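Chain and residue survey
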Amino acid sequence: MRHPSLANIEWQDLRQLKPTETVYNIFLSLPFLLLSWWSAWQGWWLLALVATFFFFTAALRQAHDCYHRTLGVSKVATELMLFLLSITMLCSTHAIRHTHLNHHRDPLGDSDVEGNWARLPWYQAILGGGLFSIMIQWFGLTHGSRRNRMLVGFDLLLICAVIATAFITMHPVLMYHVLVMILANTMVGFFAVWSVHHGCDDVVYARSERHPLINLLTFNLLYHIEHHLFPAVPTNHLPVLAKRLDATAPQWTQQPVIPLLAPANQYQESRVTEKSNAHSRHFDI
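Bear in mind that the values here come from a model prediction, so they are computed numbers and not experimental data. (Residues numbered from 1 in each chain as written. Predicted model: local features only at pLDDT ≥ 70, side-chain atom pairs only at ≥ 80, totals over all residues. Heavy atoms only, no water.)

Some points on the overall build of the chain
What counts here: Secondary structure elements are taken from DSSP: a helix is a run of H or I of four residues or more, a strand is a run of E of two residues or more, and numbering for both begins at the N terminus. Here, residues are in contact when the closest pair of their heavy atoms is within 4.5 Å. Surface exposure here means Shrake-Rupley accessible area, sampled with a 1.4 Å probe, where a residue is shielded only by the protein chains that are shown.
Each helix and strand counted, the chain has 13 helices and 0 strands in total. Ordering the α and β elements of the chain from the N terminus gives α-α-α-α-α-α-α-α-α-α-α-α-α. Along the first, second and third principal axes, the C-alpha atoms of the chain reach 60 × 40 × 40 Å. A sequence separation of at least 24 residues applies to 67% of the contacts in the chain between residues at least 6 apart. Per element, the accessible surface of the chain, about 13,900 Å² overall, is 68% carbon and sulfur.

What follows is the structure, encoded as structure tokens:
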């Protein structure tokens, strides 16, 4: 059951997306991808790297919304989007979907291959990023359904084709993209998992950021406890949900993702009541 402190949170009205929001979700990463390619072609490497950062962050949000069916499109379109993201991000999004949904079923639990990366020291989470990328995709490949394993296999064929084409042609833009995507995937464990789960427990098991600039630059991905508590709410509407949580159940949102940027009074809210009332980590998510 959902925790009693969340019973009065209104969220059902946040599930619906406007057509403009759906279009935004579909094309969110495309301008940054095109800008990164064009900048690399021009030899403007700093601009290319900046554009690539925003592409990968936006693509992470798109993939994440696909995992939870909150992108605003049909099931078939969702699968097609995941294939496109697998090709451009050079990781099997179908494999990661299985691992990520398991993370939601048992957040920071024994079976949580994804979330348990947050138990590492920060430097190990960074240095072992390549291993993390392999682990979460391998788990999705070996533990998913037969249908999902087939989708993962197709992902991997497409990814290998892109990488092979890059090394055969040695096209500078394609080589740039392959190399930076490999690097970006090694950083996911730290930025997308460790940063939002480290230091958490089996009651309040995720953090949430309130700095408006940080949330703008990360496309609202750091409203993470909100997402875990109400995963059916699209990322577009997490800022509204965050305000409702802050007003009604602030004990859930006292752990910032970036503590140095948090207001001084954000830590004053006690979580003793939350811990004493909680009887299980398995909330209705």
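Concerning helix α9 (residues 172-197)
Keep this limit in mind: What a helix should span is 1.5 Å times the count of its residues minus one. What the bend at a residue measures is the angle between two axes, fitted to the seven residues ending there and to the seven starting there.
Here α9 contains 26 residues, and its C-alpha end-to-end distance of 37 Å stays within 8% of the 38 Å for a straight helix at 1.5 Å per residue. Along α9, the sharpest kink reaches roughly 45°, centred on M187. Looking one or two residues beyond α9, the residue adopting positive phi is G199, at roughly 75°.

A short note on the pattern of salt bridges
Defined as follows: Whenever a carboxyl oxygen of Asp or Glu lies within 4 Å of a side-chain nitrogen of Lys or Arg, that contact is scored as a salt bridge. Throughout, exposure labels follow a simple rule: accessible area from a 1.4 Å probe, protein chains only, divided by the maximum for the residue type, with under 20% read as buried, over 50% as exposed, and the rest as partly exposed.
Applying the stated criterion to the full structure yields 6 salt bridges. Here R147 and E79 are joined by a salt bridge, their closest N and O atoms 3.9 Å apart. Placement of R147 in helix α8 (residues 146-169) and of E79 in helix α4 (residues 75-89) is noted, with a sequence separation of 68 residues between them. Residue R147 is classed as partly exposed on the basis of its relative accessible area of 44%. Between E226 and R210 there is a salt bridge, with its nearest N and O atoms 2.6 Å apart. One end of the pair, E226, is in helix α11 (residues 224-229); the other, R210, is in the loop between α9 and α10 (212-217), with 16 residues separating them in the sequence. With relative accessibility at 0%, the residue E226 sits in the buried group. Through salt bridges with shared partners, one network takes in E79, R97 and R147.

Thoughts on the packing of aromatic side chains
The criterion, for reference: Under the pairing criterion, centres of Phe, Tyr and Trp rings, with the six-membered ring standing for Trp, must be within 6.5 Å; the plane angle then separates stacked pairs below 30 degrees from edge-to-face pairs above 60, leaving the rest tilted.
On inspection of all chains with the given rule, the structure shows 12 aromatic pairs. With 5.1 Å between their ring centres and 75° between their planes, F53 and F54 make a pair best called edge-to-face. Here F53 falls in the partly exposed class, since its relative accessible area comes to 46%. When the centroid spacing of 6.4 Å and the interplanar angle of 85° are considered together, the rings of F54 and F219 count as edge-to-face. Placement of F54 in helix α3 (residues 45-67) and of F219 in the loop between α10 and α11 is noted, with a sequence separation of 165 residues between them.

Here we look at the side chain of E79
In plain terms, the rule: A 3.5 Å cut-off defines polar contacts: any pair of N or O atoms within that distance qualifies, except that in protein one atom must be a possible hydrogen donor and the other a possible acceptor, and neighbouring residues in sequence count only when both atoms are side-chain atoms.
Looking at E79, the relative accessible area reads 10%, which means it is buried. Here the side chain of E79 touches H94 through a polar contact of 2.7 Å, side chain to side chain. Not counting the four nearest positions on each side in its chain, E79 is found in contact with H94, R97, R147 and L151.

Notes on the environment of H64
Looking at the secondary structure, you find H64 in helix α3. Along the backbone, H64 and K75 are 11 residues apart, and their C-alpha atoms lie at a distance of 14 Å. Excluding anything up to four places from it in sequence, H64 contacts H100, L221 and H227. A polar contact is formed between the side chain of H64 and the side chain of H227, at a distance of 2.9 Å.

Notes on the packing of α3 against α4
The condition is simple: Axis angles are defined between N-to-C directions and span 0 to 180 degrees, where every axis is a line fitted to C-alpha atoms and, for a helix, only to the segment in contact. Orientation categories follow fixed angle ranges, with anything under 35 degrees roughly parallel, anything over 145 roughly antiparallel, 65 to 115 roughly perpendicular, and all other angles oblique. Note on convention: the crossing is left-handed when the near helix lies turned anticlockwise from the far helix by less than a right angle, right-handed when the turn is clockwise.
At a closest axis distance of 10 Å, the pairing of α3 and α4 adopts a crossing angle of 150°. Relative to α4, α3 is oriented roughly antiparallel. For the pair α3 and α4, the crossing hand works out as left-handed. In this structure, α3 contributes F55, F56, A59, L60, Q62, A63, C66 and Y67 to the contact, and α4 contributes T78, M81, L82, L85, T88 and M89.

Comments concerning the nonpolar core
Inclusion rule: We define a nonpolar core as any set of buried Ala, Val, Leu, Ile, Met, Phe, Trp, Tyr and Cys residues linked to one another through side-chain atoms lying within 4.5 Å.
F55, F56, L85, M89, L90, F132 and M181 are the most contacted members of the largest nonpolar core, which has 35 residues in total. Put simply, the parts of the chain that give this core at least two residues each are α2 (30-42), α3, α4, α7 (129-143), α8 and α9. Sorting elements by how many residues they give to this core places α9 first, with 11 residues. Discounting residues that sit within four places of it in the chain, M181 has contacts with T52, F55, F56, T88, M89 and L90. Counting residues in each nonpolar core, the second largest holds 21 residues, with L6, V203, A206 and I225 among its members.

A closer look at unusual backbone geometry
The phi torsion at F219 lies on the positive side, around 55°, for a residue other than glycine. The class for F219 is buried, based on a relative accessible area of 9%.

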